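Residues per chain are reported as follows:
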Amino acid sequence: MTLLTPPPPPIDQAEDEEMLVPHADFVPEGPQPMEVAPVEATNAVDAPAVEETPSGRFTWAIPDFSKLNLKKQYSEVFNVGGYKWRVLIFPKGNNVDHLSMYLDVADSTTLPYNWSRYAQFSLSIVNQIHSKFTVRKDTQHQFNSRESDWGFTSFMPLSELYDPGRGYLVNDTCIVEADVAVRRVVDYWSHDSKKETGFVGLKNQGATCYMNSLLQTLYHIPYFRKAVYHMPTTEIDNPSASIPLALQSLFYKLQYCDTSVATKELTKSFGWDTYDSFMQHDVQELNRVLCEKLEDKMKGTVVEGTIQKLFEGHHMNYLECINVDYKSARKESYYDLQLDVKGCKDIYASFDKYVEVERLEGDNKYHAEQYGLQDARKGVLFIDFPPVLQLQLKRFEYDFVRDTMVKINDRYEFPLELDLDRENGKYLSPDADRSVRNLYTLHSVLVHSGGVHGGHYYAYIRPTLSDKWFKFDDERVTKEDMKRALEEQYGGEEELPQTNPGFNNSPFKFTKYSNAYMLVYIRESDKEKIICNVDEKDIAEHLRIRLKKEQEEKELKKKEKAEAHLYTIIKVARDADLVEQIGKEIYFDLVDHDKVRNFRIQKQLSFNTFKEEVAKEFGIPVQLQRFWLWAKRQNHTYRPNRPLTPQEEAQSVGQLREVSNKANNAELKLFLEVAFGVDLRPIPPPEKIKEDILLFFKLYDPLKEELRYVGRLFVKGNSKPMENFEKLNEMAGFAPDEEIELFEEIKYDPHVMCERIDMKLSFRDSQLEDGDIICIQKSSQGQSSEECRYPTVPAFLDYVHNRQMVRFRSLEKAKEDEFSLELSKQNNYDEVVQSVARHLGLEDPSKIRLTPHNCYSQQPKPQPIKYRGAERLTDMLVHYNQISDILYYEVLDIPLPELQGLKTLKIAFHHATKDEVVIHTIRLPKQSTVGDVISDLKTKVELSHPDAELRLLEVFYHKIYKIFPLHEKIENINDQYWTLRAEEIPEEEKNLGALGRLIHVYHFMKDPAQNQVQVQNFGDPFFLAIHEGETLEEVKIRIQKKLRVSDEEFSKWKFAFLSLGRPEYLQDSDIVSSRFQKRDVYGAWEQYLGLEHSDNTPKRSYAANQNRHAYEKPVRIYN
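Notes on the structure in this doc start here. All values reported here derive from a predicted model rather than from experimental measurement.

## Looking at the overall build of the chain
- Summing up its helical and strand segments, the chain has 27 helices and 56 strands in all.
- Within the span of the chain, comprising 1119 residues, buried residues form 51% of the whole.
- Across the chain, every contact between residues at least 6 apart in sequence was considered, and the portion connecting residues at least 24 apart equals 68%.
- A total accessible area of about 54,800 Å² is found for the chain, and carbon and sulfur atoms account for 48% of it.

See below:
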C-alpha cells in the first residue's frame, strides 16, 4: 500500500553519518542512467499544491527485501508540489557496506534544459518493532540536470538493516518513508554573480565550502584585506609555496575578476593534497589555524600585529574567597569567543552564562594558600573587546548520554546590534576602560547546513554594513534580505502549512538543520577604520603585473577556445622527441604526442604555409621535409603509417586533417622525417618505393636495464636482417661483427607481445611493415640470471609493463606511508607477503595480513585479505573502477591460515568485587561453543572464588539483550556491533526458587531537550534476583550494596518500572515482583527496573561500539 499523508513531528535521530552526495556510482561527472525499466503507473495520491511550501509523505513497503537481486531499485512515482519524485535504494549498498538511499526526480530525462527544483526532505527506514529506533535523515538540495538525485550513500549499516532482531525487516518487508517539502527555486546555472551583486564566489574543490565561507568573511573585512596586500612578497615567489602571495592573489581576483575564483593555489600553499580538499573540516578550527599562521608570517613586516589589532580581546579569570581575604586574577587574551547554544535563547543569555559566578563550596571548596579549604566564587569578566568580534556558536557538543558528538539545532537568536555595555557593563571587569563604547553591528553570519558528520557551509555578509545583505555560497553570490540572514538562521523547528487542512493531521514540522554557526560583529566606533577603502595602490606592482598577465593568458585561452573551430592543432613528432622520451618517460610505442611541438594553424591555410612555419621553428628547409601520417592499429598501438602524397600536401590544413583522422578532427598528428648527410646537415629524404619499409629501432642493455631509441632505417622488404647486420651494429654502437638478437615490439595492451625475429627470414616474410619497432640487443646466450634480472627484451618489457610501486602503511597508523616496494602486478599472494616480510625482517611471511585500500574514503577497507584470498597483486589493489597503490599490513602473533580457522572475540570482563573492567581477546576454533569461551576466559581472569561460574551477555546501548546458552556455537556471534560482557553469576541467582525471578535493571535519565518524555539509558546494566512479596524498599538496600553508592547520593535516586521507554515511578511500599509477572517475553530488555539519576561515572577507557577505522583529521597548514 502506498500512502501520501502529512507526517507526524520528526523523531530525534542520531546525526548523519556521512556527507550528503548524489548517488552517482562514484563517477565524478554526475549521476549515471539507471538500468531499470520505467514505472508506467503509480497509485500515489497527489498532494494538493500549497503556494508557499507544498509537502507530503510517501510510504513504500518493499516485500521480499532480502531476495532483491538488482543493484538498485526504484519506488513508484509520487507527486509533491506538482513534481514527480521517486525513491532510489541500493539494497546491498552503492559500493559501500551501508544501505544507500536517495530522492530522485522521476521525470528528469524529459524535463527542459536547465530545469531546477529545490526540496527539503527526509528519508527513513521504519523500525517496525520500536518506532523510536526508526532511522531518519534530513537534508535539502537543489535538483537539476547534473544532480537529479540526492541523498545518503551510507544511510545505515547493512548489518543492522538485515539483522532480523533489530526490527527493520519484519516478514522480510522493509518500509521506507520519504517526507518532501518543495520550495521556491532560483535558476542556478544562468546566474551571473558579478552582474547581479558586484561580487564573485569561490570554487569548491570537493569539500572546501567551509573554507570558502571563512575566506569571503575575511576578504570583506577591508582592513584585513589591506594588511594581506601589504605583506611583503616578490615576483620570484611561487604562490603555491607562499601563503601570503597565494592569499594576495586570491583577494585580488575576488576584487577584480568577473567570474568565480579557484582556491587550489591557496590550498597548495597550505601544503594540502587532493585528499585534504575532499576532507571537510571545522570553520572555527581553520579560522584559528589560519590566523595563527598569518600572525606568524606578518612578524617583522609593516603589518606586524594586524591580527591582534583586529581580533584580540582580553578577559580576566578571577577567584575570591568568601570568608577570608584571598583573591587571585589572571588576564588572558582571545581571538574568538565560544558561546553556549544549548540552554540559551540568545546571545545575551550566552554572555550571561559566560560571566556566571560559580560557587566553590561543600566537596568542591577551593584550597587557598595559607587558609586551606575555603568557600569561594570564581568567574570571568571582560577587560576589553576587540574591534572585530568573532563569536563561535557551540552548535556541536559531546553528548555523554549517547557517547557521541551531536549537533545542537535549537533556536538561538542574535541581534543586528549587540550592546555589550548593557545593564551597566555587567560583562566588564573593574579594570575595563568604560570610555570605550562596546556597541557592535553584525557584519557576517556563517551558516552550517547538515549534521555532525557532514553538511554544507555558506555565509551571509553585508560588506559595507549597510542594509544590503549578500549570500556567498561557493561560486554563487545572491542578494538577500535581512530576514533570511538573521531570523532564518536562528535554527529550531519550522512548521510547514498542512497539505490537507480539513483533516485532523499533526503539523508537518522540520528541524532546521541550517543555522548560524559563527557570527562576526564590528564595533560601531571602529567601523570607519575597519570598513576602509582598498584599491590598486594597496597592491604591490609585481602582484598587479603577475595577475594581469594571468588574466590575459586566461582571456587568450578563452579566445582560443571560442575560435577553436577555425584552427587545427598539428602535433609534429621528430627523431629528437623519440630520443628524449623513449626509456625515460615511455617504453612502449614511439612518442607521447602531448609532449611534442604543437602548431596552431588556420584551417583554410595551405599545408605548404604550415611547412614554412616548421622551417622557421626547426631550421629544416621546406624541400627537405617529409611528413608521415600516424595511424592507430587494431592492437591499439600508434605508428607512422605512410608519407603524405604531393596531392595531399597541396590541400589546405583543414582538408588534410579530415582525410587523416575523421574520428578526431580537432588535431593532426605527423612524424617529420629528416635525412642527414655525413656532415650532419639536412639532405633531401631518399625516394621511397613500394619495396622500402621504414623501421624504428630501440636498443636494450640487459646489464644496465636500459632501453633507448637509436634511429630509423629503410630496409628492402625482400632483404633479411642478417644482410643488414653491419648497419644495425653501427646504429647500436657495436662492433661490426657483434652477435645480436632482434625482437619486434608488437603490442603492450593488455599484455606485452614482443617476439624474436628470425634472422634468416626476409622482413616481408616476418610480416614487418612501415612504422614497426625493432628492439636490438647483444646475444643473450651465456648470460646467467645472476648477471642480469631481465636478460631479454621481452622479459624487460614485461617487467616494465607490470611493475608497480606499492606504498605500505601499518594498519595502526593508516594515514602514514611507512615504506614502498617495487612489485609486479603479476606477483601472486605469496610473493607479495614474502616481499613485505623480507623488508620487515620477518622470518614467517604467513604472519603478514594485508588489508586493501578504499580509494573513495581514503581508508582501509573493513575486511582484510584472506590467506591466498587474492590471486595477483592487481586483485589486491583494484577498488571498483580504480587502481590504488596502497596496502595496509599487520604483523600477527600467529600465522594467518591458523588465525582464519579461529574465531576472535573481544570480551569485557566485569570483576565481581572490584570496579574494574578488563578487555580480553579470546581465540578459539570456529566450531567452539560459548562454554569453551567461558572455560578459556576462566584461565585469564581473577575470580572472586575458585568455584565461581561465569556467563556471557550481549549488551547494546546500555541494555542486556541476551544471555548466551553454553551450547551456542561462537561462529555467528558478532562483537563488532554488540558488546560481549562476561561476569560471575551471583550466588543469589542460582537459588531463585519457583517464585523468584531475574529482572533487568538499567540506569536512565530523562532527556531535557525533548518535548516529550524521552529516556536515555547509560552505565552498566545488570540483572537482579527479586523474590515474591519483596518491596522496593528491600530491593533498594540490595541495589545500594551491590553498586556501593553513598547514602547521600543514593537518596537522590528515583526508581521506576519502565515498559517500552515509559517510566512508572514506584513507592518504597510497592511490591516489585508484581510488575514483572510474565517470565518469557520477547523484548524483555524493554521491561526493566529503572534507576533514575545523573550520570556521574567516569567514562570507561573503551568504547562500546568502536569503529575499527575511525579517523578524525585536524586542520593543518604545513607551510
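Having seen it, we continue.
## A look at the packing of aromatic side chains
- Using the criterion set out here, one finds 46 aromatic pairs in the structure.
- Between the aromatic rings of Y334 and F382, the centroid separation amounts to 5.9 Å while the plane-to-plane angle is 80°, which identifies the pairing as edge-to-face. Of this pair, Y334 sits in strand β11 (residues 327-334) while F382 sits in strand β16 (residues 376-384), placing them 48 residues apart in sequence.
- On the basis of relative accessible area, Y334 is assigned to the buried category, the value being 6%.
- The ring of F956 is capped by R166, whose NZ or CZ atom sits 4.7 Å from the centre of that ring.
- Cation over ring: K471 sits above Y458, and NZ or CZ is 4.4 Å from the ring centre.

## Describing the pattern of salt bridges
- Scanning the entire structure with this criterion turns up 67 salt bridges.
- Between D589 and R639 there is a salt bridge, and its shortest N-O distance comes to 3.0 Å. Here R639 lies in strand β31 (residues 638-643) and D589 lies in the loop between α15 (575-581) and β29 (597-602), a separation of 50 residues in the sequence.
- Between E667 and K669 there is a salt bridge; the shortest N-O distance is 3.8 Å.
- What you see here is one network of salt bridges that share partners, running through D589, R633, R639, K698, E745, E769 and D772.

## Observations concerning the packing of helix α5 (residues 243-256) against helix α14 (residues 541-562)
- One can describe the packing of α5 onto α14 by two numbers: an axis separation of 11 Å at closest approach and a directional angle of 60°. Relative to α14, the element α5 lies oblique. Handedness of the crossing formed by α5 with α14: right-handed. Across the interface between the two elements, L245, Q248, S249, Y252 and K253 of α5 pack against H542, L543, R544, R546, L547, K548 and E550 of α14.
- For the contact of α5 with α14, a count of residues per class yields 4 nonpolar, 3 polar and 5 charged.

## Overview of the environment of D1068
- Looking at the secondary structure, you find D1068 in the loop between β55 (1062-1065) and β56 (1087-1092).
- The sequence separation of D1068 and L1032 amounts to 36 residues, and the corresponding C-alpha distance is 4.8 Å.
- In this structure D1068 touches T1031, L1032, E1033 and K1036, once residues within four positions along its chain are discounted.

## A word on the pairing of strand β42 (residues 848-854)
- The buried fraction of β42 amounts to 7 of the 7 residues, a majority that puts the element mostly inside the structure.
- In the sheet, β42 pairs with strand β46 (residues 886-891) via 5 bridges, with the strands oriented antiparallel. Looking at β46, one finds that P852 is bridged to L887.
- Where β42 hands over to strand β43 (residues 859-860), the hairpin turn is made up of 4 residues, of which Q858 adopts a positive phi near 60°.

## Thoughts on the sheet that holds β31
- Strand order in the open sheet formed by 5 strands is β29-β28-β32-β30-β31, with mixed pairing between adjacent strands. The sheet is open, and its two edges are formed by β29 and β31, each paired on a single side. Strand-to-strand, the axes of this sheet are offset by a mean angle of 40°, without reference to chain direction.
- Relative to strand β32 (residues 667-673), strand β28 (residues 567-573) runs parallel, the two sharing 5 bridges. Residue pairing for β32: A573 is matched across the bridge by F671.

## As for the packing of helix α3 (residues 209-219) against α5
- Axis separation between α3 and α5 bottoms out at 11 Å; the angle between their running directions is 75°. It follows from the interaxial angle that α3 and α5 lie roughly perpendicular. Contact residues: L215, Q216, L218 and Y219 in α3; L247, L250, F251, L254 and Q255 in α5.
- Of the residues assigned to the contact of α3 with α5, the class counts are 7 nonpolar, 2 polar and no charged.

## What to know about a negative patch on the surface
- A grouping of D192, E196, D258 and E555 is seen on the molecular surface, where their side chains present a negatively charged patch.
- Mapped onto the elements, E555 comes out in helix α14.
- Under the relative-accessibility criterion, E555 is labelled partly exposed at 42%.

Thresholds, definitions, all that
Residues numbered from 1 in each chain as written. Predicted model: local features only at pLDDT ≥ 70, side-chain atom pairs only at ≥ 80, totals over all residues. Heavy atoms only, no water. Helix = DSSP H or I, 4+ residues; strand = E, 2+ residues; numbered from the N terminus. Buried < 20%, exposed > 50% of the residue type's maximum accessible area, 1.4 Å probe, protein only. Contact = heavy atoms within 4.5 Å. Areas by Shrake-Rupley, 256 points an atom, 1.4 Å probe, with all protein chains shown as cover. Phe/Tyr/Trp six-rings, centres within 6.5 Å; stacked < 30°, edge-to-face > 60°. Lys NZ or Arg CZ within 6 Å of the ring centre and 35° of its normal. Salt bridge = Lys/Arg side-chain N within 4 Å of Asp/Glu carboxyl O. Axes fitted to C-alpha atoms, helices over the stretch in contact; angles between N-to-C directions. Parallel < 35°, antiparallel > 145°, perpendicular 65-115°, else oblique. Left-handed = near helix turned anticlockwise from the far one by under 90°. Nonpolar A, V, L, I, M, F, W, Y, C, P; charged D, E, K, R; others polar. Pairing = 2+ DSSP bridges. Patch = residues over 30% accessible without salt bridge, like charges linked within 9 Å, V, L, I, M, F, W, Y side chains within 5 Å. Lys, Arg positive; Asp, Glu negative; His and termini not counted. Charge placed at Lys NZ, Arg CZ, Asp CG, Glu CD.

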